[in-house]
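Commentary on secondary and tertiary structure
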Amino acid sequence: MILNHGGEPSSGAASGSGKNGYEAFNSLGQRVSTGRSQPTCLVVEDDHHMRHLVVNYLREHDIRAISASGRDEVADLLVREEPNLVILDLRLGQEDGLDLLREIRSRSDVPVIITTGHRRDEIDRVIGLELGADDYITKPFGLRELLARIRAVLRRREAGQAAVQRDPERGRCRFGGWQFDRRNSRLTDPNVSTCRYYGCAASWRPIQTRRASS
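Below you will find a few notes about this structure. (Residues numbered from 1 in each chain as written. Predicted model: local features only at pLDDT ≥ 70, side-chain atom pairs only at ≥ 80, totals over all residues. Heavy atoms only, no water.)

According to the stated counting rule, one finds 12 salt bridges in the structure shown. Linked by salt bridges that have partners in common, Arg-64, Asp-76, Arg-80 and Glu-81 make up one network. (Salt bridge = Lys/Arg side-chain N within 4 Å of Asp/Glu carboxyl O.)

Given below as C-alpha cells:
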C-alpha cells in the first residue's frame, strides 16, 4: 500500500489530454487551455488500486499519466505515446520486471524509475540500476516523494539534452566575422575561407588554406 500522507488524490482542475498539453476547467466548469506542455509518464503496475492512485495523483500535478499492467502493453505504449519517463514495478505478478527493464532499454533510452517491495529486494534494485534504471523508490512510499523523484529525473534529463545541444558550440570563438574552432584548430574568415593551424599556441602557423565550396 502506498503511504499517501499529504498526497491523497483530490478533485483537481487539470486532467491529462494528449501528448503535448493538458486541459483545465474554470470555476464555471468551462474547458480552458493552459498553453503549457506536460511530460508523459508511463506507470507500469499490476496492482489496480496502486496504479489508479499514482495515475490520478500525477495527473493532478501537471503530468500526463498513462498506465500498463504488463509487458504486452508496454512495447506498444512506448512507440505510440513516446513517454518522457517510465515508473516500473519490478514485481509484476508472474512477469519479471528486470526482464521488462532490459526490453525497455533495448528499445529506448527513456528514463526509468523502478519500484520495489521490501529490503530483501535490494539485489533487484542494484541489478535494476546496473541495467539502466535512473532511480528507484521502495514501497511503501509517499506520493509526494514519488513526484519529487519524477521531477528530479526529468530535470536531469532536460539538463543533459541541453548540454548535448550546446556541445557543438563549445571551443568556438567569433570575432569580426571570423570563427575559430579550437578543437580542430580551424579558422574561418568572413569570406568562408578556412585555414588550419598546427603547433603550440605560441607558434601556430597555417599549414593549409582552402576556399570552402559555395
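Our next topic: the packing of helix 2 (residues 71–81) against helix 3 (residues 97–107). Where helix 2 meets helix 3, the closest approach of the two axes is 11 Å, and the angle between their N-to-C directions is 15 degrees. By the angle between their directions, the pair helix 2 and helix 3 is classed as roughly parallel. When you trace helix 2 past helix 3, the crossing you get is right-handed. Across from Arg-71, Val-74, Ala-75 and Leu-78 in helix 2, the residues of helix 3 making contact are Asp-99, Leu-100, Glu-103, Ile-104 and Arg-107. (Axes fitted to C-alpha atoms, helices over the stretch in contact; angles between N-to-C directions. Helix = DSSP H or I, 4+ residues; strand = E, 2+ residues; numbered from the N terminus. Parallel < 35°, antiparallel > 145°, perpendicular 65-115°, else oblique. Left-handed = near helix turned anticlockwise from the far one by under 90°. Contact = heavy atoms within 4.5 Å.)

The next point concerns the sheet that holds strand 6 (residues 85–89). What the five strands build is an open sheet, ordered 5-4-6-9-10; its pairing is parallel. Of all strands in the sheet, those bounded by a partner on one side alone are strand 5 (64–68) and strand 10 (135–138). Neighbour-to-neighbour, the strand axes of the sheet open up by a mean angle of 20 degrees, direction not taken into account. Alignment of strand 4 (residues 40–44) against strand 5, held across five bridges, turns out to be parallel. Bridge pairing in strand 5 links Leu-42 to Ile-66. Against the sheet, helix 3 engages strand 4, strand 6 and strand 9 (112–116), with an angle of about 160 degrees to strand 6. Seen against the sheet, helix 4 (residues 122–130) touches strand 9 and strand 10 and runs at an angle of roughly 170 degrees to strand 9. (Pairing = 2+ DSSP bridges.)

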